[in-house]
Amino acid sequence: MSSSGGAAVRRAGRRGLNHEAADRIREAVFDGSFAPGEALCEVDLAADLDVSRGSVRGGLAILEGEGLVHSGWHRRTRVIEPTVTEANELYAVRAALDRLAAVTAAGTRTEEDLADLDSRVDAMAEGLEAGEPGHVLLARDIGFHDAIYDVAGNGRLRSSWQALRSQVRLFQLVRIRLGGRQYRRILVDEHRQLVTLLRERDTGRLAAAAEEHVDAARAELVRMLESSGEDPAQE
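Sequence order sets the numbering: in each chain, residues are counted from 1 along the sequence as written. For this predicted model, a pLDDT threshold of at least 70 governs which residues receive local features, and a threshold of 80 or more governs which side-chain atom pairs are given and counted, while totals over whole chains, interfaces and linings are taken from all residues. Derived side-chain values reflect all non-hydrogen atoms in the structure, with water molecules and hydrogen atoms excluded from consideration.

- Named according to an unreviewed UniProt entry, the chain is DNA-binding GntR family transcriptional regulator originating from Haloactinospora alba.

A few points about the nonpolar core
So, step 1. Put simply, a nonpolar core is a bunch of buried Ala, Val, Leu, Ile, Met, Phe, Trp, Tyr and Cys residues held in one set by side-chain atoms that sit within 4.5 Å of each other. Only protein chains enter the accessibility calculation, which uses a 1.4 Å probe; a residue is then buried when its area is under 20% of its type maximum, exposed when over 50%, and partly exposed in between. Residues Ile25, Phe34, Leu40, Tyr91, Phe144 and Leu198 are the most contacted members of the largest nonpolar core, which totals 67 residues.
So, step 2. Where helices and strands are cited, they refer to DSSP runs of H or I of at least four residues and of E of at least two residues respectively, numbered from the N terminus. When residues of this core are traced back to their parent elements, those giving at least two are helix 1 (18-30), helix 2 (42-49), helix 3 (53-65), helix 4 (84-108), helix 5 (111-130), helix 6 (134-152), helix 7 (155-200) and helix 8 (203-228).
So, step 3. Take this core: its biggest share by element is 16 residues, from helix 7.
So, step 4. By the convention used here, residues are in contact when the closest approach between their heavy atoms is within 4.5 Å. Ignoring sequence-local partners within four residues, the contact set of Ile25 consists of Val9, Phe34, Leu40, Leu45, Leu49, Leu60 and Leu63.

A short note on the domain arrangement of the chain
How big an interface is tends to be expressed through the accessible area that disappears when the partners come together.
So, step 1. Note that the domain bounds reflect an automated or database-derived domain assignment. Domain boundaries in the chain define domain 1 (15-79) and domain 2 (84-228).
So, step 2. Placing a centre on the C-alpha atoms of domain 1 and another on those of domain 2 gives a separation of 26 Å.
So, step 3. Of the residues lining the interface, nine residues belong to domain 1; the matching set on domain 2 comes to eight residues.
So, step 4. In total, domain 1 and domain 2 occlude about 770 Å² of area from one another, counting both sides; carbon and sulfur atoms represent 66% of this.
So, step 5. Counting the surface domain 1 buries against domain 2, the share from its top three residues, Phe30, Pro36 and Glu66, is 64%. The quantity reported as buried area is the accessible area (1.4 Å probe) lost by two parts once they are put together, taken as the sum for both.

Overview of the packing of aromatic side chains
So, step 1. Each pair of aromatic rings taken from Phe, Tyr and Trp, with Trp reduced to its six-membered ring, is defined by centres within 6.5 Å and is described as stacked if the planes are under 30 degrees apart, edge-to-face if over 60, and tilted in the remaining cases. Counted according to the given criterion, the structure contains one aromatic pair.
So, step 2. Both rings, one in Tyr149 and one in Trp161, keep their centres 5.0 Å apart while their planes meet at 5°; by these two values the pair is stacked. Pair noted here: Tyr149 is in helix 6 and Trp161 is in helix 7, with a separation of twelve residues, a long-range link. Neither Tyr149 nor Trp161 differs from the other in exposure class; each is buried.

Quick look at the side chain of Thr77
So, step 1. By the secondary structure assignment, Thr77 is in strand 3 (residues 75-79).
So, step 2. The buried category is assigned to Thr77, whose relative accessible area is 13%.
So, step 3. Discounting chain neighbours no more than four positions away, the residues touching Thr77 are Glu38, Ala39, Leu40, Leu60, Val69, His70 and Ser71.

Overview of the pattern of salt bridges
So, step 1. Salt bridges are counted wherever a side-chain nitrogen of Lys or Arg sits within 4 Å of a carboxyl oxygen of Asp or Glu. By the definition in use, this model includes 19 salt bridges.
So, step 2. The closest approach of N and O atoms between Arg199 and Asp118, which form a salt bridge, is 2.6 Å. Of this pair, Arg199 sits in helix 7 while Asp118 sits in helix 5, and the two are 81 residues apart along the sequence.
So, step 3. Linked by salt bridges that have partners in common, Glu20, Arg24 and Glu27 make up one network.

Focus: the packing of helix 7 against helix 8
Helices that pack against each other are described as a pair by the angle of their axes relative to one another and the distance between those axes.
So, step 1. Axes here mean lines fitted to C-alpha atoms, for a helix over just the part in contact, with angles spanning 0 to 180 degrees between N-to-C directions. Taken N-terminus to C-terminus, the directions of helix 7 and helix 8 make an angle of 175°; their axes are 10 Å apart at the nearest point. Relative to helix 8, the element helix 7 lies roughly antiparallel.
So, step 2. Polar here means any residue outside two lists: the nonpolar Ala, Val, Leu, Ile, Met, Phe, Trp, Tyr, Cys and Pro, and the charged Asp, Glu, Lys and Arg; Gly therefore counts as polar. Considering only residue class, the contact of helix 7 with helix 8 consists of 13 nonpolar, seven polar and five charged. By definition in this entry, angles of less than 35 degrees are roughly parallel, angles greater than 145 are roughly antiparallel, angles of 65 to 115 are roughly perpendicular, and the rest are oblique.

Here it is, written out as structure tokens:
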């Protein structure tokens with residue numbers, strides 16, 4: 001979707017702030033206004049956001065640091081397109097982090113934490129029933145995992161998750177676009193199982209479930225990229 005019409009991104013609330021520009025562009029990527037592989041024009045973005053080109057350039061640099069966009073010498077910045085190799089690498093790291101976060105959270109969680117996680121899964125179920133778009137359900141999904149990292153209480157672990165979080169969300173958006181029915185079918189049950197195992201403090205089964213939750217997503221995305229011919233590395 002082109003940014004020249006002003007519909008893709010919300011205007012920035014404050015002028016001249018790199019992080020504000022990054023927030024608005026990130027939001028547009030995550031709601032599907034900018035597709036993977038789409039070029040991002042500084043001039044158009046500056047007009048849409050009502051900020052300077054310097055602020056847009058700074059915002060794009062932030063997003064490049066998150067692995068959400070990439071640029072090259074004399075080439076326009078583009079939203080990243082997942083390749084099979086990148087998907088395998090990203091999900092392997094995420095599986096290890098999620099496993100550690102879940103097992104750590106099992107030892108620190110309170111009843112209030114469990115109630116919060118239950119309510120998040122309930123919201124996913126309600127969203128499914130209401131027919132919420134995939135990107136909205138994914139936001140709930142990512143928020144659930146944010147909460148587990150918070151419960152774990154390990155600052156370095158959470159920082160490691162934050163370093164991957166934007167890429168994970170974009171790769172999951174591609175997975176939903178290529179196979180939304182499968183994602184919707186397993187969304188509630190898989191997250192409900194994680195809460196149950198956290199409640200039981202069954203760290204052995206929890207570690208396996210957390211890792212399988214991620215690896216199943218990886219395998220599904222890789223299968224879809226290969227079968228759809230949308231792996232940019234093969235072009």
